[in-house]
Amino acid sequence: MSKTETYRTAGEAERGLGELYRRYGYRHYKMSKFEEYDFYARNKNFLVSSNIITFTNPDGRLMALKPDVTLSIVKNARWKPGDAEKVYYTEKVYRAENGAHEYREISQTGLECVGDLGAYDAAEVVLLALKSLAGISGDYVLNLSHLGLVSALTAPLGLQEAEQTALLAAIGEKNVPALRALCEKNGVSAQNTERLTALTSLYGTFPETKEALLRLNCNEGTDRAVKELTALYEMLDSEHLAEKIRLDFSLMNDMRYYNGLIFRGYINGIPQGILSGGSYDRLLTEMGKSANAIGFAIYLDLLEHLPRSEKREKTDILLSYDTQVPAATVLREAERYRREGLSVRVQKTDDGTTPAQKRVHLGERTD
């Protein structure tokens, strides 16, 4: 995907992404700033952080400032058989990351697709994740994994919960020596050990990794996952959207809630993932709902890490002026452009770094 005009601020991204999601039939979802604490407590393991800000309502109920948006959307989602609830949002969540010493207000935008979903719905969500990243910067990548493949390779090993957790942690850290040691300790066969190390080391575009991926296929679960990944790649490639995808099975989410596709998006210049998403059918099962779900969130606050030149909004007119030009003249000229419906940035000097469609300079003889 070639680089197009990008969103340079969180506000511009919020507006542009909202318009993108509306074009795909997603409706805007707005939620309250707080919810009953018990709701989050029942689903605490699904949350990014277990640190929740609570307060007592005047009626005596224990409330919480919302630490998550997905849970509320799933709780309130309504759909008909064969249909889906498709919503997007821009909200602030409140939480302290595990290990942090202070709470933060985090701005995020994203979307959720909940209901009777098929291959198209998953492809559409991944497509929108790609388009969202491209709207922020042309220099991006979307890492993609499939927990169904990971589960199909690890579940048959018959490991105890602690050993299974350690094994998944080694895969997530791409720690091949630790993975081999765990396999040897737990009597995992040489063939299965090699499959797991190959899974852990696999990274690259789909064409680069296709043969290695096919060699991992050894049972019904792996076959299903490989077919889903292949079909997804073919759909996105037909629209020239697959070149920014990298397969990376070190991506891990809690497998009690997540299943199938998971993905994370990165932008050059931002030191951590700016987009995170995936399929979470098992969360719906935990909440007593029989349906599928997939979505993602974009952390708008991280746009502050972009270089200044990448963040500045492009104006229609950059109006610079000599110090000898009367301020009234500068104001009159700027307002003349604004009455024409143009945006105008006024500054004394123009060093060429301010984004603008047109540059106008007022010299000392103007007036």
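Each value, and the rule that gives it
Residues numbered from 1 in each chain as written. Predicted model: local features only at pLDDT ≥ 70, side-chain atom pairs only at ≥ 80, totals over all residues. Heavy atoms only, no water. Core = buried A, V, L, I, M, F, W, Y, C linked by side-chain atoms within 4.5 Å. Buried < 20%, exposed > 50% of the residue type's maximum accessible area, 1.4 Å probe, protein only. Helix = DSSP H or I, 4+ residues; strand = E, 2+ residues; numbered from the N terminus. 1 Å grid on protein atoms, 1.4 Å probe; cavity = no way out; pocket = protein on both sides within 12 Å on 5 of 7 lines; lining within 4 Å. Points joined across faces, edges and corners; volume = space filled by probe spheres on them. Nonpolar A, V, L, I, M, F, W, Y, C, P; charged D, E, K, R; others polar. Pairing = 2+ DSSP bridges. Arc of directions from axis to C-beta.

**Student:** I'd like a rundown of the nonpolar core, residues and numbers included.
**Tutor:** Counting 99 residues, the largest nonpolar core has Tyr21, Phe263, Ile274 and Phe296 as its most contacted members. The leading source of residues in this core is helix H4 (residues 119-136), at eleven residues. With ten residues, the next largest nonpolar core counts Tyr321, Val330, Ala334 and Val344 among its residues.

**Student:** Quick rundown of empty space enclosed by the protein? Include the residues and the values.
**Tutor:** Scanning the model with the defined rule gives two cavities of 30 Å³ or more in all. The wall of the largest cavity is formed by Leu144, Phe206, Leu229, Leu232, Tyr233, Ala242, Ile245 and Leu247. When residues of the lining of the largest cavity are traced back to their parent elements, those giving at least two are helix H10 (220-238) and strand E9 (245-248). Classifying every residue of the lining of the largest cavity by side-chain character gives eight nonpolar, no polar and no charged. The volume enclosed by the second largest cavity comes to roughly 30 Å³.

**Student:** Explain the pairing of E9 residue by residue, including any values.
**Tutor:** Here three bridges tie strand E7 (residues 140-146) to E9, and the two strands are oriented parallel to one another. Bridging from a neighbouring strand, Asn143 pairs with Arg246 of E9. As paired strands, strand E8 (residues 203-204) and E9 are joined by two bridges and run antiparallel to one another. By the bridge assignment, Gly204 is partnered in E9 with Leu247.

**Student:** Please set out helix H9 (residues 206-215) residue by residue, giving values where relevant.
**Tutor:** Turning to H9, its buried residues are Phe206, Thr209 and Leu213. The buried residues of H9 all sit within an arc of 80° when viewed along its axis, so they share a single face. Counted as exposed and oriented over 90 degrees from the buried face of H9: Pro207, Glu208, Glu211 and Arg215.

**Student:** Break down the layout of surface pockets for me, citing the residues and quoting the values.
**Tutor:** Over the atoms a probe the size of a water molecule is rolled, and this reveals where empty space is left. By volume, the largest pocket is sized at about 1,100 Å³. Every residue lining the largest pocket is counted, 42 residues in all, and those nearest its centre are Val48, Met252, Asn253, Asp254 and Tyr258. Within the residue set of the lining of the largest pocket, elements represented by two or more residues are strand E5 (84-95), strand E6 (104-115), helix H6 (161-172), strand E11 (275-279) and strand E12 (292-299). Looking at the lining of the largest pocket, its residues break down into 17 nonpolar, 14 polar and eleven charged. Within this model, the second largest pocket holds a volume of roughly 550 Å³. In terms of lining residues, the second largest pocket is bounded by 27 residues, among which His146, Glu228, Asn259, Gly260 and Ser279 are the most central. If you list the elements that add at least two residues to the lining of the second largest pocket, you get H4, helix H5 (147-154), H10, helix H11 (281-286) and E12. The element contributing the most residues to the lining of the second largest pocket is H10, with seven residues. Residue composition of the lining of the second largest pocket, by class: 13 nonpolar, nine polar and five charged.

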